[in-house]
Amino acid sequence: MKGNNENIYLPYPARIVRIVEENNQIKTFSLTFTDPLRNESFEYSPGQFMMVSIPNYGEAPISIASSPSRPGSLEVSVRKAGALTTAMHAMNEGEILALRGPYGKPFPMKSLEGRDLLFVAGGIGLAPLRSVINFCLDKKKDFGSITLLYGSRSPEDVAFQSDIKCWQEEESMECLLTVDTTGPGWLGNIGVVTTLLGRITPNFARTSALVCGPSLMIRFVLAELSRMGFSDENIITTLERHMKCGVGICRHCYMDNTLVCVDGPVFSLAQLRIMQDTELC
Ligand SMILES: Cc1cc2nc3c(=O)[nH]c(=O)nc-3n(C[C@H](O)[C@H](O)[C@H](O)COP(=O)(O)OP(=O)(O)OC[C@H]3O[C@@H](n4cnc5c(N)ncnc54)[C@H](O)[C@@H]3O)c2cc1C
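Throughout this document, residue positions are counted from 1 along each chain, in the order its sequence is written. Since the coordinates come from a predicted model, pLDDT governs what is reported: local features require at least 70, and pairs of side-chain atoms require 80 or more to be given and counted, while whole-chain, interface and lining totals use all residues. Side-chain figures throughout are based on the complete set of non-hydrogen atoms in the structure, without hydrogens or water.

## Thoughts on the packing of aromatic side chains
- Any pair of Phe, Tyr and Trp rings, taking the six-membered ring for Trp, is counted once the centres come within 6.5 Å. Such a pair is stacked with planes under 30 degrees apart, edge-to-face with planes over 60 apart, and tilted for the rest. Scanning the model with the defined rule gives five aromatic pairs in all.
- For the ring pair F135 and F143, a centre distance of 6.4 Å and an interplane angle of 70° mean the geometry is edge-to-face. A single burial state applies to F135 and to F143, both of which are buried.
- Ring geometry for F204 versus F230: centroids 5.1 Å apart, planes at 85°, classification edge-to-face. Taken together, the residues F204 in the loop between helix 6 (194–197) and strand 11 (207–212) and F230 in the loop between helix 7 (215–228) and strand 12 (235–238) connect sequence positions 26 residues apart. The buried label goes to any residue with under 20% of its type's maximum accessible area, the exposed label to any with over 50%, and the partly exposed label to all in between, with areas taken from a 1.4 Å probe on protein chains only. Put simply, DSSP H or I for four residues or longer makes a helix, DSSP E for two residues or longer makes a strand, and each gets a number counted from the N terminus.

Shown next as structure tokens:
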């Protein structure tokens, strides 16, 4: 769809066709471009992000939460954080926002083929991994077993519950949930998500770990996966660095010879060590 004269900053209108309230902080928006041709030609891969905008409220990078194996609409899951995301949370089905993208390097889906996959997520961090999980479930014969370890602050904060319910019914998938603080009726684990790592016995040669969540969580999970025996190349994460343009021009997300928007946001621990990312490793 990108012609030579296309303005790379030009956002395209998209209609909100469905809103799912995941918890009191996170909503999932299903979107379709108002231009049917753009809808038909739109392509993306798990791990990429969109720049989402609303006039008068701003623009922000948001991971694509849907899987390209399920065409029809594009989904983004959004946590209420500031001006733009609060405005999105106030919108209704049928209203229009704007999108440009997709941007960023995706997860290396080809090199993950044939491998067992361990997903470790915290809070809204499950959004980009949901794209990968549903992609792998739709192409089961290409991937090994799937394990999800998902941490939330409390039982009311557990997001993506309808996805988790479907995933729990999948034979090839195991889901372990944990909360920092328990509440009435909670039967899962209590403790931070790293406590779930003690409950699994992955085959390190055959397994790749994909991690996303708050920086502090990523830091502890990467260290623990490394200590358990995963090689740095087989630990992959996706970073949330503040960025403005999304296309490698403004350099707002620059760190150690790397632009997170175009060189990432997906990086292996091996790459993070070369970048000497002191926040994460
Ligand atoms: C690749 C990528 C993918 C993302 N995916 C998602 C997603 O799937 N879902 C989701 O909910 N969020 C996602 N985010 C985070 C989202 O882009 C931010 O939370 C964004 O700031 C929200 O915009 P806002 O206008 O609502 O909030 P803002 O008004 O931007 O404020 C949000 C918070 O961030 C702080 N902040 C804003 N700009 C900066 C800056 N330049 N430097 C330091 N602090 C700053 C503010 O002080 C405030 O505390 C992603 C970020 C990246 C980089």
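## Section: the domain arrangement of the chain
- Domain boundaries assigned for the chain yield domain 1 (12–103) and domain 2 (109–238).
- An automatic or database domain assignment is the source of the domain bounds shown. Spacing between the C-alpha centres of domain 1 and domain 2 amounts to 24 Å.
- By definition, residues are in contact when any of their heavy atoms lie within 4.5 Å. Listed by partner, the interface residues are 19 residues for domain 1 and 17 residues for domain 2.
- The three residues of domain 1 that bury the most area against domain 2 are E22, P46 and R70, which together make up 32% of that side's buried surface.
- Here, a salt bridge means any side-chain nitrogen of Lys or Arg that lies within 4 Å of a carboxyl oxygen of Asp or Glu. Viewed at the interface, domain 2 and domain 1 are joined by two salt bridges. Buried area counts how much accessible surface, traced with a 1.4 Å probe, disappears from two parts once they are put together, with both parts' losses summed.

## Section: unusual backbone geometry
- With omega at 10°, the peptide bond leading from G101 into P102 counts as cis.
- One can find P102 in strand 6 (residues 96–103).
- Here G264 and P265 are connected by a cis peptide whose omega angle stands at 10°.
- By the element assignment, P265 lies in the loop between helix 8 (260–263) and strand 15 (266–268).
- Unlike most non-glycine residues, F160 shows phi in positive territory, near 55°.
- In this structure, F160 sits in the loop between strand 8 (146–152) and helix 5 (161–168).
- Even without being glycine, R251 reaches a positive phi, approximately 65°.
- Note that R251 resides in the loop between strand 12 and strand 13 (254–255).
- Overall, R251 belongs to the partly exposed group, its relative accessible area being 48%.

## Considering the site of the ligand
- Surrounding the ligand, one finds 20 residues, the nearest of these being P61, S77, R79, L84 and T85.
- In protein, a polar contact requires one atom able to donate a hydrogen and another able to accept it; more generally it is a pair of N or O atoms within 3.5 Å, and residues adjacent in sequence count only if both atoms are side-chain atoms. Measuring from a nitrogen atom of the ligand, one finds a side-chain N or O atom of E240 at 3.4 Å.
- Measuring from a nitrogen atom of the ligand, one finds a side-chain N or O atom of H252 at 3.2 Å.
- Here the open area of atoms and residues is found with the Shrake-Rupley method and a 1.4 Å probe, where only the protein chains shown may cover a residue. Summarising the interface, the protein chains cover 68% of the accessible area of the ligand, which totals 950 Å² for the free molecule.
- When contributions to the shell around the ligand are tallied by element, the ones reaching two or more residues are strand 4 (58–63), strand 5 (74–79) and helix 2 (83–89).
- Of all the elements, strand 4 adds the most residues to the shell around the ligand, at four residues. Proximity criterion: a residue is near a molecule or strand once any of its heavy atoms comes within 4 Å of it.

## Some words on a nonpolar patch on the surface
- Each patch is built from residues lacking any salt bridge and having more than 30% relative accessible area; the joining distance is 9 Å for like charges and 5 Å for nonpolar side chains (Val, Leu, Ile, Met, Phe, Trp, Tyr). Taken together, the side chains of I8, Y9 and I249 present a nonpolar region at the surface, about 280 Å² in accessible area.
- Turning to its location among the elements, Y9 is positioned in the segment before strand 1 (12–21).

## As for the sheet that holds strand 10 (residues 189–190)
- Think of it this way: DSSP has to see at least two bridges between two strands before they count as a pair. The seven strands lie next to each other as 10-9-8-7-11-12-15, forming an open sheet whose pairing is mixed. Of all the strands in the sheet, the pair left with one neighbour each is strand 10 and strand 15.
- Sheet analysis places strand 8 next to strand 9 (residues 173–179), joined by seven bridges and oriented parallel. In the sheet register, T147 faces strand 9, and the bridge partner there is E174.
- Orientation is described by axes fitted as lines to C-alpha atoms, over the contacting stretch for helices, and by angles from 0 to 180 degrees between their N-to-C directions. Sitting on the sheet, helix 5 is in contact with strand 8 and strand 9, with an inclination near 140° to strand 9.

## Considering the environment of A270
- You can see A270 is positioned in helix 9 (residues 269–275).
- Relative accessible area serves as the criterion here: at 18%, A270 is assigned to the buried category.
- Sequence-wise, A270 and N234 are 36 residues apart; in three dimensions their C-alpha atoms are separated by 8.5 Å.

## Digging into the environment of C212
- Assignment of secondary structure puts C212 in strand 11.
- When its relative accessible area of 9% is taken as the criterion, C212 is described as buried.
- Here the alpha-carbon distance between C212 and G125, two residues 87 residues apart in the chain, equals 4.7 Å.
- Leaving out residues up to four positions away in the same chain, C212 has contacts with V120, A121, G122, G125, P128, L129, M217, I218 and T238.

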